[in-house]
Amino acid sequence: MVTCYDIVKAMLRSEKGGSLEKENKYLFRVAGSATKVDVKRAVEEIYKVKVDGVHTLNVPGKLKRVRYRTGYTTGWKKAIVSLKEGQKIEG
């Protein structure tokens, strides 16, 4: 059984995420198989807020090189969650 904590891995605290908080939007790292509906339900259950909308995007892995070997870091999925007016995530 998949729980809401399996869907939402972590809240992302970055420079871009900090500027989006003024617009009542928050960034999350989510499971690769998670849909927008899954993310909405999980955020509402974990943080006890009302979600207005969800945008998701796949972040591709970056090319890295160690000496003569090249490879890619693991790609991941990001979600931008918009909250309804008056809602806020503390923390």
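Here's what I pulled together on the structure shown here. (Residues numbered from 1 in each chain as written. Predicted model: local features only at pLDDT ≥ 70, side-chain atom pairs only at ≥ 80, totals over all residues. Heavy atoms only, no water.)

## With respect to unusual backbone geometry
No. 1: The residue Asn-24 is not glycine, and still its phi comes out positive at about 65°.
No. 2: Positionally, Asn-24 belongs in the loop between helix 2 (15-21) and strand 2 (25-30).
No. 3: With phi around 55°, Lys-48 is a residue other than glycine that occupies positive phi space.
No. 4: Tracing the chain through its elements places Lys-48 in the loop between helix 3 (36-47) and strand 3 (51-59). (Helix = DSSP H or I, 4+ residues; strand = E, 2+ residues; numbered from the N terminus.)

## Considerations on the nonpolar core
No. 1: Of all hydrophobic cores here, the largest spans 19 residues; its most connected members are Phe-28, Val-39, Val-43, Val-81, Leu-83 and Ile-89.
No. 2: Those elements that provide at least two residues to this core are helix 1 (4-7), strand 1 (8-11), strand 2, helix 3, strand 3 and strand 6 (76-83).
No. 3: Every residue in contact with Val-81, bar those within four places of it in the chain, is listed here: Asn-24, Lys-25, Tyr-26, Phe-28, Val-39, Val-43, Val-51, Gly-53 and Val-54. (Core = buried A, V, L, I, M, F, W, Y, C linked by side-chain atoms within 4.5 Å. Buried < 20%, exposed > 50% of the residue type's maximum accessible area, 1.4 Å probe, protein only. Contact = heavy atoms within 4.5 Å.)

## Concerning the sheet that holds strand 1
Sheet strands line up and pair through hydrogen bonds in the backbone, either parallel or antiparallel.
No. 1: The strand order across the open sheet built from four strands is 1-2-6-3, with neighbouring strands paired in antiparallel fashion. Among the strands making up the open sheet, the edge pair consists of strand 1 and strand 3. Here the strands of the sheet are splayed against their neighbours by 30° on average, with no regard to which way each runs.
No. 2: Sheet analysis places strand 1 next to strand 2, joined by three bridges and oriented antiparallel. Bridge assignment links Met-11 to a residue of strand 2, and that residue is Phe-28.
No. 3: Across the sheet, helix 3 is in contact with strand 1, strand 2, strand 3 and strand 6; its angle to strand 3 comes to roughly 120°. (Pairing = 2+ DSSP bridges. Axes fitted to C-alpha atoms, helices over the stretch in contact; angles between N-to-C directions.)

## Quick notes on the pattern of salt bridges
No. 1: In the structure shown here, the tally under the stated rule is one salt bridge.
No. 2: The partner of Arg-13 in a salt bridge is Glu-21, and the shortest N-O contact between them spans 2.9 Å. (Salt bridge = Lys/Arg side-chain N within 4 Å of Asp/Glu carboxyl O.)

## Describing the environment of Lys-40
No. 1: Within the element layout of this structure, Lys-40 appears in helix 3.
No. 2: Note: C-alpha distance between Lys-40 and Val-81 (41 residues apart in sequence) is 7.7 Å.
No. 3: Residue contacts for Lys-40: discarding those within four places in its chain leaves Val-51 and Val-54.

Nothing here speaks to function; it is all geometry.
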